[in-house]
Amino acid sequence: MTNIDFIEPLDDAEGAARARALLGDDAAGVWAAPGRVNLIGEHTDYNGGLCLPIALPHRTYIALKPHGGSAVTVVSDVAPDQSAHADLAGLEAGGVDGWAAYPVGVAWALREAGFGQVTGFDAAFVSCVPLGSGLSSSAAMTCSTALALDDVNGLGFGGSDQGRLTLIDAAIAAENDMAGASTGGLDQNASMRCTAGHAIRLDCTPGLSAAESVTQVPFDLEAHGLELLVLDTRAPHQLNDGQYAARRASCETAAARLGIDNLRILADAVAASDDPAQALADALARLDDDTMRRRVRHVVTEIGRVDAFIDAFARGDMAQAGALFDASHDSLRDDYEVTVPELDVAVDVARREGALGARMTGGGFGGSIIALVAAGESRRIAQAIADEFARRGFAAPRALSATASDSAHRVA
Ligand code: ADP
Ligand code: MG
């Protein structure tokens, strides 16, 4: 059997040097933004719920040179010989094809938000975040671009957590409106607001201030003799966009039938009730569609698991933290129905090989799993998953070890 590939992060000096070299022109600077892994709280962001992401040490680096016109040229080390071109003048939503929609969309969104001083630029991207693996390479790209454009145009939002909300909005708009990839905000907040050694408890209730929406939660696995294995199944994404939209629509319809703005309101009512299980059953009984009932049950129980996980972790009850990972996955598999065989097999093998808990992370329909494992065990368990994949004829997975790292920053 072949050895599983472990993806090492680039350090900032190396990332900056490579991005500068790819731009091939004098960059005004180099900025970096991380991918993220969500510990728990999946498909909750667009329901006004809670999530708990960490920033990965794996980042996307952007070397950028602004110029006065409206032309944009971007290149990525994914295809270093093919630059993409766009024009900001007269650009409308959906007006850029391919991956360039992400960085061009950020400039477009900032201009739409009233920052007309954002002009054309040349930029080069170098990344060690796996693409399309549920680890948010797209947010790493849009957030690094937003921070770079903020800096070179003197907008002044990058230096504070509150200011970064404006850049996050532009990154979200780029994905939703220019790239046509629906996103609920978890990824961009994680990439822009996480700090080293911490997860963020992200409260997605609409309209919160920066201070209200994020709490930094210490996340030091080493102190507990543990580490976090991330394994990218490399399962081909199937019908991803349509399924994601369908889940969102189902949640919105359910909330409307229950007469509430979003499912977070139900989750809070259930949590506050004397008999949460009965309160949830009563609410579900008001919905006449079984599929919708299961979708709602996932969202409500998953929101509850976020604070339960934070509590368990703070108490040092790692068995309970692991059990909550397991419960989250099972809910995503059975009630939300966003897993695929590769995700379920990877989780099963991780559990069988001694992980305290394992779950899919990200939107699902492919992508990655995470597993809470004893320190030093990541490689052995990842290899066991790779061997099982080979036996089943699945694509070879790849892995990385995740430590809670810093948010987007200037590196050169
Ligand atoms: P994820 O964000 O989980 O990696 P998405 O499907 O949201 O998955 O985003 C992946 C897409 O983002 C890619 O298909 C590509 O269009 C774009 N992208 C992200 N990073 C890069 C990069 N470094 N170079 C070129 N395109 C990128
Ligand atoms: Mg993405």
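Residues numbered from 1 in each chain as written. Chains lettered and ligands numbered in written order. Predicted model: local features only at pLDDT ≥ 70, side-chain atom pairs only at ≥ 80, totals over all residues. Heavy atoms only, no water.

The UniProt record annotates "domain: GHMP kinase N-terminal" (unreviewed entry) at residues 102–192. Split by type, residues 102–192 is 57% helix and 8% strand. Its first and last C-alpha atoms lie 16 Å apart. (UniProt positions renumbered as here; feature names shortened; annotations may be inferred. Helix = DSSP H or I, 4+ residues; strand = E, 2+ residues; numbered from the N terminus.)

Here, UniProt's "domain: GHMP kinase C-terminal" (unreviewed entry) annotation points to residues 310–389. Annotated as 59% helix and 15% strand, the span residues 310–389 places its first and last C-alpha atoms 32 Å apart.

So, on to the packing of aromatic side chains. With the rule as written, the count across this model stands at 7 aromatic pairs. Relative to Phe 157, the ring of Phe 115 lies with its centre 5.3 Å away and its plane at 70°, an arrangement referred to as edge-to-face. Taken together, the positions of Phe 115 in the loop between helix 2 (101–112) and strand 7 (121–127) and Phe 157 in the loop between helix 3 (137–152) and helix 4 (161–178) put the pair 42 residues apart, joining distant regions of the chain. Measuring from ring centre to ring centre gives 5.3 Å for Phe 309 and Phe 325, while their planes differ by 10°; the resulting arrangement is stacked. One end of the pair, Phe 309, is in helix 10 (residues 290–315); the other, Phe 325, is in helix 11 (residues 318–334), with 16 residues separating them in the sequence. Both residues of the pair, Phe 309 and Phe 325, count as buried. Counting every residue linked through ring pairs, the aromatic cluster contains Phe 219, Phe 309, Phe 313 and Phe 325. Against the face of Phe 6 rests Arg 379, its NZ or CZ located 4.1 Å from the ring centre. (Phe/Tyr/Trp six-rings, centres within 6.5 Å; stacked < 30°, edge-to-face > 60°. Buried < 20%, exposed > 50% of the residue type's maximum accessible area, 1.4 Å probe, protein only. Lys NZ or Arg CZ within 6 Å of the ring centre and 35° of its normal.)

The next point concerns the sheet that holds strand 13 (residues 398–402). Taken in spatial order, the 5 strands of this open sheet run 1-13-10-12-11, and their pairing is mixed. A strand with exactly one partner marks an edge of an open sheet, and here the two such strands are strand 1 (5–6) and strand 11 (357–361). As paired strands, strand 11 and strand 12 (residues 368–374) are joined by 5 bridges and run antiparallel to one another. What sits directly across from Gly 357, in strand 12, is Leu 372. Against the sheet, helix 13 (residues 378–392) touches strand 1, strand 10 (226–232), strand 12 and strand 13, its axis set at about 30° to strand 10. (Pairing = 2+ DSSP bridges. Contact = heavy atoms within 4.5 Å. Axes fitted to C-alpha atoms, helices over the stretch in contact; angles between N-to-C directions.)

Before going further, it helps to examine the nonpolar core. Grouped together as the largest cluster of nonpolar side chains are 80 residues, with contacts concentrated most on Leu 228 and Phe 309. If you tally residues by element for this core, the top one is helix 10, at 10 residues. Formed jointly, this core draws a minimum of three residues from each of two domains, domain 1 (5–219) and domain 2 (222–402). Apart from residues lying up to four places away in sequence, Leu 228 is in contact with Val 37, Leu 39, Ile 54, Leu 221, Phe 325, Ile 370, Ala 371, Leu 372, Ser 378, Leu 400, Ser 401 and Ala 402. Among the nonpolar cores identified, the runner-up in size contains 46 residues, and Val 106, Trp 108, Ala 109 and Leu 155 belong to it. (Core = buried A, V, L, I, M, F, W, Y, C linked by side-chain atoms within 4.5 Å. Domains from an automatic or database assignment.)

What follows deals with the side chain of Arg 164. By the element assignment, Arg 164 lies in helix 4. Although Arg 164 is buried, it makes no salt bridge; Asp 161 carries the closest opposite charge, 6.4 Å away. At 2.9 Å, the side chain of Arg 164 forms a polar contact with the backbone oxygen of Ala 408. Non-local contacts of Arg 164, meaning those with residues more than four positions away in its chain, are made with Leu 147, Phe 157, Gly 158, Met 192, Ser 407 and Ala 408. (Lys, Arg positive; Asp, Glu negative; His and termini not counted. Salt bridge = Lys/Arg side-chain N within 4 Å of Asp/Glu carboxyl O. Polar contact = N/O pair within 3.5 Å; in protein donor to acceptor, adjacent residues only side chain to side chain.)

On to the site of ligand 1, then. Surveying the vicinity of ligand 1 reveals 15 residues, the closest of which are Ser 76, Gly 132, Gly 134, Ser 137 and Ser 138. The separation between a nitrogen atom of ligand 1 and a polar side-chain atom of Ser 76 is 2.7 Å. Gly 132 has a polar backbone atom sitting 2.8 Å from an oxygen atom of ligand 1. Relative to its unbound accessible area of 560 Å², ligand 1 is 78% covered by the protein chains. A molecule is said to occupy a pocket when more than half its atoms come within 2 Å of that pocket's grid points, and by this definition ligand 1 occupies the largest pocket. The biggest single contributor to the shell around ligand 1 is helix 3, with 3 residues. (Near = heavy atom within 4 Å. Areas by Shrake-Rupley, 256 points an atom, 1.4 Å probe, with all protein chains shown as cover. 1 Å grid on protein atoms, 1.4 Å probe; cavity = no way out; pocket = protein on both sides within 12 Å on 5 of 7 lines; lining within 4 Å. Sits in = over half its atoms within 2 Å of the grid points.)

As a further point, take the packing of helix 8 (residues 263–272) against helix 10. Contact geometry of helix 8 with helix 10 gives a least axis separation of 9 Å together with a crossing angle of 60°. Between helix 8 and helix 10, the crossing angle belongs to the class labelled oblique. Crossing of helix 8 against helix 10: the hand is right-handed. In this structure, helix 8 uses Leu 263, Arg 264, Leu 266, Ala 267 and Val 270 to contact helix 10, whose residues at the interface are Val 296, Val 299, Val 300 and Ile 303. Broken down by class, the residue content of the contact of helix 8 with helix 10 amounts to 8 nonpolar, no polar and 1 charged. (Parallel < 35°, antiparallel > 145°, perpendicular 65-115°, else oblique. Left-handed = near helix turned anticlockwise from the far one by under 90°. Nonpolar A, V, L, I, M, F, W, Y, C, P; charged D, E, K, R; others polar.)

This part is about the pattern of salt bridges. On inspection of all chains with the given rule, the structure shows 28 salt bridges. Between Arg 257 and Asp 288 there is a salt bridge, and its shortest N-O distance comes to 3.3 Å. Linking Arg 257 in helix 7 (residues 240–258) with Asp 288 in the loop between helix 9 (276–285) and helix 10, this pair joins segments that are 31 residues apart in sequence. Residue Arg 380 is joined to Glu 353 by a salt bridge in which the shortest nitrogen-to-oxygen separation is 2.7 Å. With a gap of 27 residues between them, Arg 380 in helix 13 and Glu 353 in the loop between helix 12 (341–352) and strand 11 connect regions that are remote in the sequence. Here Arg 380 falls in the partly exposed class, since its relative accessible area comes to 39%.

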